[in-house]
Amino acid sequence: MKRYSTDVLVIGGGSTGTGVAWDAALRGLRVILIEKRDLTHGTTGRYHGLLHSGGRYAVKDPQSAIECIEENRILRRTHTHCIEDTGGFFVVTPEDEGDYPDRFKAACARVGIPCEEIPLKEAFRREPLLNPRISRVFEVPDASADSFLATHATAQAARQAGAQILVYHEVVDLLTEGGDGDRRVVGARVRDVVRGEEVCIDAAITVNAGGAWAGKIAAMAGIPVNVIPGKGVMVAVNHRLVNTVINRCKMPSDGDILVPVHTVAIIGTTDERVADPEMLTIEPWEVELMLQEGDKLVPGLSRSRILRAWAGVRPLYQEGYTGESRNATRALALLDHRQRDGVFGFLTITGGKWTTFRLMAEKTVDKVCEQLGTNRPCLTATTPVPGAEQGYYWLGHRLHEVEEARLQGDLICECELVTRTMIEQAAANNPTVTLDDLRRDVRLGMGPCQGGFCTFRAVGVLHELRLRTQEEAQTTGDANGEPPWNVAYMQSPRQAFQAKPAALGLNHSPLDNPNLLLRDFLQERWRGLRPVLWGRQLKQERLDELIYLTIMNVDHLPNDGAASPLTAFWQFDTAPNAKEADQ
Amino acid sequence: MAPLSWHSVDLTLDECIKCNICTSHCPVSAVTDLFPGPKYVGPQAQRFRENGQPRTPDHSVDYCSGCRVCNEVCPTGVKIAELNARARAQIVAEKGLPLRNRLLGRNELLGKLGSFAPALANFGLHNPLSRLLAEKVMGIARHAPLPTWSTSGTFRDWLRRTRDQRLKSSKKVVYFHGCATMYYEPFIGKAAVVVLEHNGYEVIVPEQNCCGLPLLSNGEFNVARSYHRSNVGRLAGYARAGLPIVGTSTSCTLTLKEEAPELLDYHDEPATTLKLGTYDIFEWLRERYEAGELRTDFQPLPLKLPYHAPCQQRAHRIGKPALELMELIPELELAESHARCCGIAGTYGYKIEKYQIAMDVGAELFEFVKAQGRDVRYTACDSETCRWQLEHGTALPSRHPIEILAAAYGLYDLERRDVIAGKRDRSEKR
Amino acid sequence: MMLDLLVIGAGLAGLTAALRAAEAGLRVKVISKGMGALYWTPGTIDVLGYIGAEERAVQRPWERLDELPARHPYRIVGAGRAQAALEWFRACAAELGLEYNGREDGSNVFTPSPVGAWRPSYLLPAGQRAGDAEDDRPMIIVGFQGMRDFYPHLIASNLKAQGQAVRFAMLPWSVLSERRDRNTVQLAEALEDPKTQQRLIDALRLVVKPGERIGLPAILGREAHSQVLTALAQELNTAVFEIATLPPGVPGIRLATALRRGLEQCGVRVEIGMEAIDFHAEDGTIEFVETATSARPLKHRAKWFLLATGGVLGGGFDSNHEGRFWETVFDLPLTTPPDRQQWFRPLFLDPQGHPALRGGVAVNEAFQPIDAAGNVVFNNLWAAGGLLAHADPIAERSLEGVAIASAVAAVEAIKAQAFARVDHRAFPSETP
């Protein structure tokens, strides 16, 4: 069995885990990160898309608010290209009268969040679809963020600084030594999901950044960590009804933020305590609530085209807390198990929010250094990750590139302007086991047709890539001095086009079951459509059905029995105790 | 940029199911790679556009001709042509407008200027050297079919001259002439007047200005808005009083009905009143026919007549009333063109970078006309720019269906394009 | 001059109904919001491909109609009449220049889909006939580099896994076009140019082995399809067959174009761009339907009306988040489950399909829409096609069969009413 040795083993490939790997690597530590599926598979890939200004917490949780505004400023410098400088409004609807708005303004001033009340005329000029009965508007430096790109860019930065990132590597067990009073975690036994092999990793310190799974991981060392999984449901509308983050100016609650992210706007979210962080259902009342609350910000939102709904699980942690997840703290929790449980070499970092991932990583690696007996300063706050030099993301960026470089003929996912080379490069360079992994990299299937046209095309492109690479396996070396592809530019059509052509390495994960890729992704898309399927999106789905059933007959392809890591999702959907449509 | 509202055409992008029916019909993307197709530049690109972006991401939408075939065939109701027009206006707002497009947008001004000395203006414009210069300096394609100014006076001149012959009646109708009829083709207006009078209507021609369509097509929304406001002010009163406003220029009437209100988000009560009172002339004549009020004393017109319904006429969504009424004329052998677009698309085909595209788009129509045989003398079409393009592409004279109708009534000479003197029938209908 | 029949919807059901009615001497007009689903479908005529959750495809559709729900349109029409309707359709298509053929014994023919699954069809256009699974010749599937809607290697890989002798080849894009961005319709038009055809023939000669039949994407010409097919087959001395692509689907477009041409020849106007938005009825009789225009709605009067608006796919039905599901022209009662939670099953590819999509307009024996109590809603309204209740033409792979059979049956019922009145027009006798 393969054996690796390292200083720090990070478990979890979300924003926090990759942040830790980045931070540790920049400080010169040897790092290996393992993630059981694809980067951002967990909460990071399912969140609202908000880079908080902290305004939301100014009144209720000033400490969190301060952390947010400081990190907001830092991330704008380090992860610039992952952020869209939308700005944010806090709006007072007729339901939000009372003294909260003034308290809010004062609280922002106290914690140092720039907050300016703007004239209504100005607000409506910028956002004409806002509820005309809004009485006051405050502007804050909220922004929207792409957590897929940010996590990948962070991982890339970590790699460039010497870290090793292993995705589709799942922890089977933590390795421990010693008995009572002297127990120590010395690493982990890990399974390479794709190849089915086991790998052993020896590490001086193991950091549990497993997010909603952190409890399960800690339990492998016999340590109780009670992570409270707080499920949040989000609903995306087909196009951006607003271009500014819109928050309700009131005590934080459900459905009070509307965030424009890339080409959609997302209304969220709820907060329900759930048992399992993985198998999540979306209840009708949650969708109803989102639409209802959305109508209060943008009247008529519920009648616009609803694209999709999904759920993420917040890893909330509050020592000794047993109440409703809505009221659990959002503060980060760094658990030093040496102090807490008498187990050396193991740390858990949980809680927090995306906006503060870098800070969470900094505190974690500070503690790591302390335990390793070394004093190395954190460099992440002043080190931009690869790609940041592109400047802020702007909505028209992909269209602009496709237009300038005349790449229209190359489009595979036309809705989200994803070209063939973008797909090939991402598939070849980022381990891609399912189309969902590819989706996170390049936004395949995230537009109005929800994979209707591009699922088939992507499968064809990947099938062809595999064949082409098998043929060209012998010919290596640079062709025309084209630059190699860089994950920092994975969202850029032009960069993908200009880079050296993609080639699947021989060590790459097998993509030789196109029927499974197809079937799994169609089902994955369906999961998010079914709770919100009516009106125009239903018409779209019926056309998609015509494509996959009438034209393609995909439900009658060979190898029905094959399964992939994504298959687990839809097997859950059709399990006997899952909600059936009829009886 | 026009303010977004829930009525805005921009929101119809949500209707799109990406089915590609529009792209498969688009006559422009069929002939050039410069235009990726209506789905791409319309509802798809719209999700990537936003007020206040660092710069507009668009280029290729400039090659949309605005023919509106996409709207016609879309099964879900995306207002693609309007989306594209708005996007073009945004480019203009950011990058400004070339002088050429400014000129082409000001049809009325050009018409008026030339009308002071039409023969001189014609000579000045329509000689090979001027056209070459215009192409090199301004980008106006030298071969594109620019009209000639009327040397027998404007349409208003004729109205003034023949004031005493005009029918007075309790039944009245307002005529919207448009710039082309006024300055280049007053005979179209004459034909319209005699047809209306033959049916017992007094024709009122109030003060009016350019509908603004060339400005809208070229992205000058602010100026277009002031033009529309002016027309609304001048004409809404007639509509309110129950007088129909009929027009022979099918693009002008479409602009008053829909283009201007939709693109400019101009929906106040007077604009809406005007919209609801505006008719394409054949639309209105067909209504009269269905009510049993239209005179059908047509003389035989033994002609083989290919008819092309311009895309602007189809955009009215009223069917093809000109065809339906011409079918009543004895011995007239009509052949309906199913060609998508003649190519000129308003001011599009005049631009040097688009001229060849326009000719390639129109090839389908020219071939159809050719296939009708050598014994065809005229083609028929409701839009003036299409007629000029048809003449350019087929070398056959083209006539407005109102001229055909007037000729069938015995009131109009199709060859000379003039009313027949002394031939106004004052007798009661039927 | 009053219209006899106004057909609302220009999909296969609407166009077929108009043709049948015009043949009988009725004055017909067709109005439609836009183009119909024929622009997306593979162009085959599918009667019945799958029943319920049964894995294996239906082999003999006419023998299994009794296994469909009791009020399925096929069961209302009856196997005999449905078969006759399909036969009549085949004859019409032939007259319009499109050959459709099936098996003598009426069993389904299987041809490759764009992912290499075997698709069951009842009638195939000439251009797809040689893709028959029962033909024992080996295949070569030929595609074009960079053509994003067709992947010959994928098709070959899956066909091979199912026992078909098959190879694939990729030709350079430049064989078809020097332009980079073209869709299937534009490519089909390009192939009508003799020079492009010659390039294709020359390129194919280099890769095709003797005895192989050639599978190509469905871009072999538009109006000149038979000429292109013949040219390829003759020059290459082998059979050539088309495989469908993502929409726009050229074979379906050929059919739509031919049907509209046939209608024009019969003097039937087909007006596209006319969306029915309202109607007026007196005492249960519809007087007119209104369509949206650029200003005032336009009235369309007729004696009889046929609704063929296609259900969800055609825009004939709409729905909202409150769980309302409604028919968009006449607000006819629908059989769709009233609770939105009952509309869809958890599995996208559920073999039984989704309840919301099997709901629709219920009709009586004469294809007149009825309410829950079985009463006819309007005296002079009939319905046909994808909007009918108790069928899911996509899940069943019965799209064209349901459209044609129900359209013909509806028109026969209209004719029965029409010629029961005093009418001196001659018409061909019909035995239902």
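Residues numbered from 1 in each chain as written. Chains lettered and ligands numbered in written order. Predicted model: local features only at pLDDT ≥ 70, side-chain atom pairs only at ≥ 80, totals over all residues.

- Where an unreviewed UniProt entry is consulted, chain C appears under the name Glycerol-3-phosphate dehydrogenase subunit GlpB, with the organism given as Caldilinea aerophila.

- Taking an unreviewed UniProt entry as the reference, chain A is identified by name as Glycerol-3-phosphate dehydrogenase belonging to Caldilinea aerophila.
- Heading Catalytic activity (unreviewed entry) of the UniProt record for chain A holds this comment: "a quinone + sn-glycerol 3-phosphate = dihydroxyacetone phosphate + a quinol".
- What UniProt records for chain A under Subcellular location (unreviewed entry) is the sentence "Cell membrane". (UniProt positions renumbered as here; feature names shortened; annotations may be inferred.)

1. Things to note about the overall build of chain A
Step number 1: Helices and strands together make up the secondary structure of chain A, namely 18 helices and 23 strands.
Step number 2: Against the compact-globule benchmark of 25 Å for 583 residues, chain A has a radius of gyration of 23 Å, which places it among compact chains.
Step number 3: By principal-axis analysis of the C-alpha atoms, chain A measures approximately 65 × 65 × 60 Å.
Step number 4: In chain A, buried positions account for 62% of the 583 residues.
Step number 5: Within chain A, residue pairs in contact and separated by at least 24 positions form 74% of the contacts whose partners lie at least 6 positions apart. (Helix = DSSP H or I, 4+ residues; strand = E, 2+ residues; numbered from the N terminus. Rg over C-alpha atoms; globule rule 2.2 N^0.38 Å. Buried ≥ 20, exposed ≤ 12 C-beta atoms within 10 Å, placed from the backbone. Contact = placed C-beta atoms within 7 Å.)

2. Some points on the domain arrangement of chain C
All names here are of chain C.
Step number 1: When cut into domains, chain C gives domain 1 (3-96 + 253-274 + 301-309 + 340-366 + 375-420) and domain 2 (100-245).
Step number 2: Each side of the interface is counted separately: domain 1 has 20 residues, and domain 2 has 15 residues.
Step number 3: Mapped by element, the contributors of at least two residues to the side of domain 1 that touches domain 2 are helix 3 (79-95) and helix 8 (250-265).
Step number 4: Tallying contributions element by element places helix 3 first for the side of domain 1 that touches domain 2, with 3 residues.
Step number 5: Among the residues forming the side of domain 1 that touches domain 2, the class breakdown is 10 nonpolar, 5 polar and 5 charged. (Domains from an automatic or database assignment. Nonpolar A, V, L, I, M, F, W, Y, C, P; charged D, E, K, R; others polar.)

3. Examining the environment of C:Asp105
Residues and elements named next belong to chain C.
Step number 1: Here Asp105 lies in the loop between strand 3 (100-101) and strand 4 (109-112).
Step number 2: Residue classification places Asp105 among the exposed positions, given that 8 C-beta atoms sit within 10 Å.
Step number 3: Asp105 sits 45 residues away from Arg60 along the chain, and the two C-alpha atoms are 8.4 Å apart.

4. Thoughts on helix 3 of chain C
Residues and elements named next belong to chain C.
Step number 1: The end-to-end C-alpha separation of helix 3 is 25 Å, in line with the 24 Å expected for 17 residues at 1.5 Å each.
Step number 2: Residues Ala82, Ala85, Leu86, Phe89 and Ala93 constitute the buried set of helix 3. End-on view of helix 3: buried residues confined to an arc of 95 degrees, all on one side of the axis. Across from the buried face of helix 3, at angles greater than 90 degrees, the exposed residues are Gly80, Glu87, Ala91, Ala94 and Glu95. (Expected span 1.5 Å × (residues − 1). Arc of directions from axis to C-beta.)

5. Structural notes on the domain arrangement of chain A
Interface size is often expressed as the accessible area that is lost when the parts come together.
Residues and elements named next belong to chain A.
Step number 1: By domain assignment, chain A separates into domain 1 (2-43 + 148-227 + 329-382), domain 2 (54-68 + 82-143 + 229-313) and domain 3 (399-573).
Step number 2: Counting residues per element, the side of domain 1 that touches domain 3 draws most heavily on helix 6 (residues 147-160), which supplies 5 residues.
Step number 3: Of the residues contributing to the side of domain 1 that touches domain 3, the split by class is 7 nonpolar, 3 polar and 2 charged.

6. A short note on the UniProt feature "domain: FAD-dependent oxidoreductase 2 FAD-binding" (unreviewed entry) in chain C
Step number 1: UniProt records the feature "domain: FAD-dependent oxidoreductase 2 FAD-binding" (unreviewed entry) at residues 4-394 of chain C, using the numbering of this structure.
Step number 2: With 26% helix and 20% strand, residues 4-394 of chain C has its two end C-alpha atoms placed 32 Å apart.

7. Quick look at the UniProt feature "domain: BFD-like [2Fe-2S]-binding" (unreviewed entry) in chain A
Step number 1: Listed under "domain: BFD-like [2Fe-2S]-binding" (unreviewed entry) in the UniProt record, and renumbered for this structure, are residues 411-462 of chain A.
Step number 2: For the annotated span residues 411-462 of chain A, helix accounts for 52% and strand for 10% of the residues, and the straight-line distance between the end C-alpha atoms is 14 Å.

8. Regarding the interface of chain A and chain C
Step number 1: Contacts between chain A and chain C engage 49 residues on the former and 44 residues on the latter.
Step number 2: For the side of chain A that touches chain C, the secondary-structure elements that each account for two or more residues are helix 8 (284-297), helix 14 (454-472), helix 16 (514-529), helix 17 (535-551) and helix 18 (567-573) of chain A.
Step number 3: With 11 residues, helix 17 of chain A is the largest single contributor of residues to the side of chain A that touches chain C.
Step number 4: Across the side of chain A that touches chain C, the residue classes tally to 25 nonpolar, 12 polar and 12 charged.

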